[in-house]
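# Residue-level structure breakdown
Chain by chain, the residues:
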Amino acid sequence: MRTRPGSQCDDDRSVTEAGTDAGDGPRAVEVWWARAEDAHDGLVSLLDQVERARYAATTDPASARRFLVGCAVSRLVLGGRLGLPAADVPLKRVCPRCGGPHGKVALDRDRTPPTADVRFSVTHGGDTVGVAFCHGAEVGLDVEEIAQFGSAGAGAVAGSNGDREGSARNVAVLAPRVLTATELAALHDRPRADLPGAFLRYWVRKEAVLKAWGTGLHVPLRQLEVSAPEQHPEVVGWPERDGLPHELSMADTVVLGRHPAAVCVIGRGGVALRERDAGPALRDVRPPR
């Protein structure tokens with residue numbers, strides 16, 4: 001399997017193999033990365049009726065491609081773990097607020113054996129799509145593309161003065177909505193050129209935690225405080241809300257050498273993170289004859 005430049009993906013295991021958990025040690029998390037450009041018509045054959053309806057109703061082509069790729073990666077990996085064709089993997093989406101079929105996607109536990117306790121989290125940032133899988137523990141994954149902070153992509157961090165100025169302006173608008181007062185003060189103490197990367201590291205860590213909790217943005221990001229970007233990822237300040245697990249394990253990574261991402265798992269012991277390239281598996285899918 002081809003490795004994407006700048007990631008820690010490897011190619012020594014097929015899509016059908018699952019990670020293992022090391023007792024009380026680090027929790028095994030496998031993250032499969034893809035690009036929106038990996039989407040093709042053959043992947044539609046893997047979707048269920050609900051997914052096909054949502055895909056057909058998505059009018060923005062880029063959003064439709066990201067949705068299709070996220071569904072396909074989820075189904076291919078889960079099918080391998082469960083010994084099922086990807087199209088037969090029983091998934092459900094139930095909104096906790098209205099009961100509609102648009103909540104966080106999960107395995108339908110009523111139609112899978114108790115041992116098939118695989119939790120997963122789908123994310124996308126720009127054209128980057130990722131799915132994290134963990135056995136027996138809720139997991140959250142987030143990625144953000146650095147290109148959103150400047151017209152020149154990675155140059156927004158290391159490019160021209162104009163790129164850096166535009167990036168800093170974007171951070172100035174978004175940071176007060178995302179960061180606590182302590183985080184915001186620490187961010188402003190950094191060199192201007194470091195602002196986009198540092199801000200996005202805060203952001204992806206927080207999003208990963210909220211996804212592992214399953215709260216979405218019903219817990220505002222600025223109520224959650226995480227460690228500084230150069231420090232080991234952990235939560236250091238908690239929202240005033242009952243029922244949120246405080247035993248968390250986190251890991252940072254970078255996709256394609258420039259896009260910050262983070263994983264969070266419910267439970268202590270750390271994260272044993274393994275990253276894979278989903279592109280070849282997606283390209284191997286052929287439309288039914």
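Further remarks concern the sheet that holds strand β7 (residues 139-143). Strand order in the open sheet formed by three strands is β7-β11-β10, with antiparallel pairing between adjacent strands. Two strands bound the open sheet, and with one partner strand each, they are β7 and β10 (248-255). The sheet shows a mean angle of 15° between the axes of neighbouring strands, direction not considered. Pairing of β10 with strand β11 (residues 259-266) involves eight bridges; the strand directions are antiparallel. Looking across to β11, one finds that T253 is bridged to A261.

Of the residues in the chain, 82% have a pLDDT of 70 or more, and the chain-wide mean is 85. Across residues 1-22, where pLDDT falls below 50, the model places 59 contacts with residues more than four positions away in sequence or in other chains. Ignoring residues within four places in sequence, the model shows residues 150-166, a span with pLDDT below 50, making 27 contacts including any to other chains.

Following the criterion strictly, the structure yields three aromatic pairs and no others. Plain terms: the ring middles of F120 and F133 are 6.0 Å apart, the flat faces sit at 20° to each other, and that makes the pair stacked. Here F120 is found in strand β5 (residues 118-125), whereas its partner F133 is found in strand β6 (residues 128-135), with 13 residues between them in sequence. Of the two residues, F120 and F133, neither departs from the other in class, the shared state being buried. Considering the side-chain rings of F199 and W203, the 5.5 Å spacing of their centres and the 50° angle between planes classify their relative orientation as tilted. Highlighted residues: F199 and W203, both in helix α6 (residues 195-213), separated by four residues, approximately one helical turn. As far as burial versus exposure is concerned, F199 and W203 are alike and both buried.

In this section: the environment of V129. Mapping V129 onto the fold places it in strand β6. Owing to a relative accessible area of 1%, V129 belongs among the buried residues under this scheme. The sequence separation of V129 and R35 amounts to 94 residues, and the corresponding C-alpha distance is 5.6 Å.

Scanning the model with the defined rule gives 17 salt bridges in all. Across the pair R119 and E138 runs a salt bridge, and its minimum N-O distance is 2.9 Å. In this pair, R119 sits in strand β5 while E138 sits in the loop between β6 and β7, placing the two residues 19 residues apart along the sequence. E230 is the salt-bridge partner of R190, the closest N and O atoms lying 2.5 Å from each other. Separated by 40 residues along the polypeptide, R190 in the loop between α5 (181-188) and α6 and E230 in the loop between β8 (225-226) and β9 (235-237) bring together distant segments of the chain. The exposure class of R190 is partly exposed, given its relative accessible area of 22%. A single salt-bridge network, built from bridges that share partners, covers D48, E51, R75 and R93.

Okay, the pairing of β10 next. Most of β10 sits out of view: six of its eight residues are buried. Where β10 folds back onto β11 in an antiparallel hairpin, the turn is made up of three residues, including L256, whose phi is positive at roughly 55°.

In terms of burial, β11 is a largely internal element, seven of the eight residues being buried. Taken together, the five bridges between β7 and β11 define a ladder with antiparallel strand orientation. Considered in β11, the bridge of V139 is made with V265.

Calculation criteria
- Residues numbered from 1 in each chain as written.
- Predicted model: local features only at pLDDT ≥ 70, side-chain atom pairs only at ≥ 80, totals over all residues.
- Heavy atoms only, no water.
- Pairing = 2+ DSSP bridges.
- Helix = DSSP H or I, 4+ residues; strand = E, 2+ residues; numbered from the N terminus.
- Axes fitted to C-alpha atoms, helices over the stretch in contact; angles between N-to-C directions.
- pLDDT = per-residue confidence, 0-100.
- Contact = heavy atoms within 4.5 Å.
- Phe/Tyr/Trp six-rings, centres within 6.5 Å; stacked < 30°, edge-to-face > 60°.
- Buried < 20%, exposed > 50% of the residue type's maximum accessible area, 1.4 Å probe, protein only.
- Salt bridge = Lys/Arg side-chain N within 4 Å of Asp/Glu carboxyl O.

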